[in-house]
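Remarks on the overall topology
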Amino acid sequence: APLPPADVRERQLKVVQLPPAEAAEGAAVQVYFSDEERWYRGTVTAVNGNKTFTVLFEDGDEDASVPLCDLYQELLEDG
């Protein structure tokens, strides 16, 4: 799914794509849902053999096949 325009991302949240080295169980991630036009915060709960990840979202939903390209991390503001 295409990402929202940069200005939309900027307003909602500052995110960068999760580096593959950091894509591990316990990683805090953000996943964009284009049909809802919003980001959801979650945690990687499993690394799957087919290069996808299981993510448990804050609202209790779980997605068992999130590709690495959909995993982002929140940029923490300095100060």
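Going by the structure above, here's the rest.
Please read all numbers here as calculations on a predicted model, not as lab measurements.

Reading the values: rules and limits
- Residues numbered from 1 in each chain as written.
- Predicted model: local features only at pLDDT ≥ 70, side-chain atom pairs only at ≥ 80, totals over all residues.
- Heavy atoms only, no water.
- Helix = DSSP H or I, 4+ residues; strand = E, 2+ residues; numbered from the N terminus.
- Buried < 20%, exposed > 50% of the residue type's maximum accessible area, 1.4 Å probe, protein only.
- Contact = heavy atoms within 4.5 Å.
- Areas by Shrake-Rupley, 256 points an atom, 1.4 Å probe, with all protein chains shown as cover.
- Phe/Tyr/Trp six-rings, centres within 6.5 Å; stacked < 30°, edge-to-face > 60°.
- Lys NZ or Arg CZ within 6 Å of the ring centre and 35° of its normal.

Some thoughts on the overall build of the protein
The helix and strand tally for the protein stands at one helix and six strands. Reading the protein from its N terminus to its C terminus gives the helix and strand order α-β-β-β-β-β-β. Burial status across the protein gives 30% buried among its 79 residues. For the protein, the share of sequence-separated contacts (at least 6 apart) that also reach a separation of at least 24 residues comes to 41%. Accessible surface, the protein: about 5200 Å² in total, of which carbon and sulfur atoms supply 49%.

Regarding the packing of aromatic side chains
Applying the stated criterion across every chain, the model contains five aromatic pairs. Each member of the aromatic cluster is reached from another via a ring pair, and the members are Tyr32, Trp39 and Tyr72. The ring of tyrosine 40 has arginine 38 sitting right over it, with the charged end atom 4.0 Å from the ring centre.

Focus on unusual backbone geometry
In the Ramachandran plot, glutamate 37 falls in the positive-phi region, its phi being about 55 degrees despite a non-glycine side chain. In this structure, glutamate 37 sits in the loop between β2 (28–33) and β3 (38–47). Looking at glutamate 37, the relative accessible area reads 56%, which means it is exposed. Even without a glycine there, the phi angle at lysine 51 is positive, about 65 degrees. Residue position: lysine 51 is located in the loop between β3 and β4 (52–57).

A look at the environment of alanine 28
Topologically, alanine 28 is positioned in strand β2. As a C-alpha pair, alanine 28 and arginine 41 span 13 residues in sequence and 7.4 Å in three-dimensional space. Setting aside anything within four residues of it in sequence, one finds alanine 28 in contact with Gly42, Tyr72 and Gln73.

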